[in-house]
Amino acid sequence: MEWLRNRLGRASTGMMRGLAGGVVAAILMTSASGTAGTPAAKPTMWIEPATPEQPALGPRRAVGAVIWVHGLSLNDEDSRAPTPPYVKSLGEQGWDTFRLNRLREADSLEGTGARLAKAARDLRAQGYKSIGIAGQSFGAFAALVAASEDGVADAVIATAPAAYGSFTDSFATWRANSTELYRLLRRVGSTRLMMVFFHGDGYDPGGRGDMSRVILSGRAVHDLIIDQPADLIGHSAASSGLFARRFAGCIGRFIVGEIRTPADEATCETSWGRRPSADLGDGGTGARFGATLAATKPAVSADLAGSWYGFYRNGREVMLNVERLDGERVVASYLLGSGLMAQEQPEATRRVGSFANGELVFDEPALNPLRFRIRADGTLAGTWQARDGGATLDTVLKRMP
């Protein structure tokens, strides 16, 4: 997938010149300038536009500025990961959006939190009226560290906060994703906090929504805790188009302080945020998901028959519509929504595979392999793999009514 490729060159000189007021140049975290006669050092932490295709409005015209902070992986540089769709939606709402990138060698909670606080202060000095910090996973923890300094930001958006590993890979430290989160919450001053916890998150020890409400109760500001919103599953759920359609509008209102009463998921989400996006289509023929689904009725009633919906960690929505199950032979349509890259257009393919030993496998010679297995909770655990074996993406699909 394209998000695995190096995107460090996006913050080019030409791009910086196009930003109103030279904002990016003013808040670069690590200088890439060398001394006379020496080559420029490669930056290990830097600010760049979150969505360079959206021209910056500048401090006078923008609603405000939002800095998004990516997570931290053991084997991948998350600085290459795409900005989630909800941040792009904030840009469409009139915000100037940025992202704080770090290489793994430079990442630490206190260090990244301090650099993030400085970036927010620099944006405030540029004249932006409202400042939001939005972080995912490790980035959410770093955002909370930055918020321990009053006045740095008006609001923090923390999705799936985690900094101590998953249940599977780091059981010895996994519970610190709760205990250290609570410690950070007790350090936060008057900054408004919006936190989102997702069902099926392997980094979440559980119960964090309720405990966070207890810790934050009694504060003069209005916080917003969204705990396990419906249909959003897994650690990377905030990177989905479904999350953006449901909550992006609320996030913008929360940062500027328009939500002035205690709120929850029902107060925040939009009514149309519980269905697949309209562009989850058929690869450019003009038909959309609704028409495709209506025209293709499953021929059998079986555990797998019907339509299954979810998203990959790169934010692309996916639909598997199982049409026929004849013995071990399965016929399905596979629909993939548009991605964040211009070349990632909606796609649809007819797939013919097999079902054996509890696993649904599509491995046609000219297409990327797909594997799905029914989980105990009734969802489908799926894996997409590049034909050359160079990349894999996992997903969890939920049956559509």
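Above this note sits the structure.
Throughout, residues of each chain are indexed from 1 in the direction in which the sequence is written. In keeping with the predicted nature of the model, local features appear solely for residues at pLDDT of at least 70, side-chain atom pairs appear and are counted solely at 80 or more, and the whole-chain, interface and lining totals rest on all residues. Values shown for side chains rest on all heavy atoms present in the structure; no hydrogens or waters enter the calculation.

1. Quick notes on the nonpolar core
The term nonpolar core refers to a set of buried residues drawn from Ala, Val, Leu, Ile, Met, Phe, Trp, Tyr and Cys, joined through side-chain atoms within 4.5 Å. Burial classes follow relative accessibility: with a 1.4 Å probe on protein chains only, a residue under 20% of its type's maximum area counts as buried, one over 50% as exposed, and anything between as partly exposed. Counting residues in each nonpolar core, the largest one holds 40 residues, and the members touching the most others are Ile-133 and Met-195. Starting at the N terminus, helices and strands are each numbered in turn, a helix being any DSSP run of H or I of at least four residues and a strand any DSSP run of E of at least two. For this core, the element with the highest residue contribution is helix α5 (residues 138–146), accounting for seven residues. Pairs of residues are marked as contacts when any of their non-hydrogen atoms sit within 4.5 Å. Excluding residues that lie within four positions of it along the chain, Met-195 makes contacts with Leu-144, Ala-158, Leu-181, Leu-185, Ser-212, Leu-216, Leu-224, Ile-225 and Ile-226. Grouped together as the second largest cluster of nonpolar side chains are 34 residues, Ala-50, Val-87, Phe-243 and Ile-255 included.

2. What to know about the sheet that holds strand β9 (residues 317–326)
Read around the closed barrel, eight strands run β8-β9-β10-β11-β12-β13-β14-β15, paired in antiparallel fashion. The sheet shows a mean angle of 30° between the axes of neighbouring strands, direction not considered. Here strand β11 (residues 347–356) runs beside strand β12 (residues 359–362); their pairing, made up of three bridges, is antiparallel. Bridge pairing in β12 places Ala-356 opposite Glu-359. Any two strands between which DSSP finds at least two bridges are classified as paired. Axis angles are defined between N-to-C directions and span 0 to 180 degrees, where every axis is a line fitted to C-alpha atoms and, for a helix, only to the segment in contact.

3. Let's talk about the pairing of β11
The pairing of strand β10 (residues 329–336) with β11 spans eight bridges and is antiparallel. Paired with Val-331 across the bridge in β11 is Val-352. Where β11 folds back onto β12 in an antiparallel hairpin, the turn is made up of two residues, including Asn-357, whose phi is positive at roughly 55°.

4. Considering unusual backbone geometry
Positive phi, close to 60°, is recorded for Ser-137, a residue that is not glycine. Here Ser-137 lies in the loop between β4 (131–136) and α5. When its relative accessible area of 9% is taken as the criterion, Ser-137 is described as buried. Although it is not a glycine, Gln-228 adopts a positive phi angle of roughly 55°. Here Gln-228 lies in the loop between β7 (224–227) and α9 (241–255). By relative accessible area, which is 42% here, Gln-228 ends up partly exposed.

5. As for the packing of α5 against helix α7 (residues 176–187)
Two elements in contact, α5 and α7, have axes separated by 9 Å at closest approach and are oriented at 20°. One element, α5, and the other, α7, form an angle in the roughly parallel class. Crossing of α5 against α7: the hand is left-handed. Across the interface between the two elements, Phe-141, Leu-144 and Val-145 from α5 touch Ala-176, Asn-177, Glu-180, Leu-181, Leu-184 and Leu-185 from α7. When its residues are assigned to classes, the contact of α5 with α7 shows seven nonpolar, one polar and one charged. Put simply, angles under 35 degrees are roughly parallel, angles over 145 are roughly antiparallel, angles from 65 to 115 are roughly perpendicular, and the rest are oblique. Each crossing gets its handedness from the near helix: less than a right angle anticlockwise from the far helix is left-handed, clockwise is right-handed. Residue polarity is assigned by list, with Asp, Glu, Lys and Arg as charged and Ala, Val, Leu, Ile, Met, Phe, Trp, Tyr, Cys and Pro as nonpolar; anything else, Gly included, falls into the polar class.

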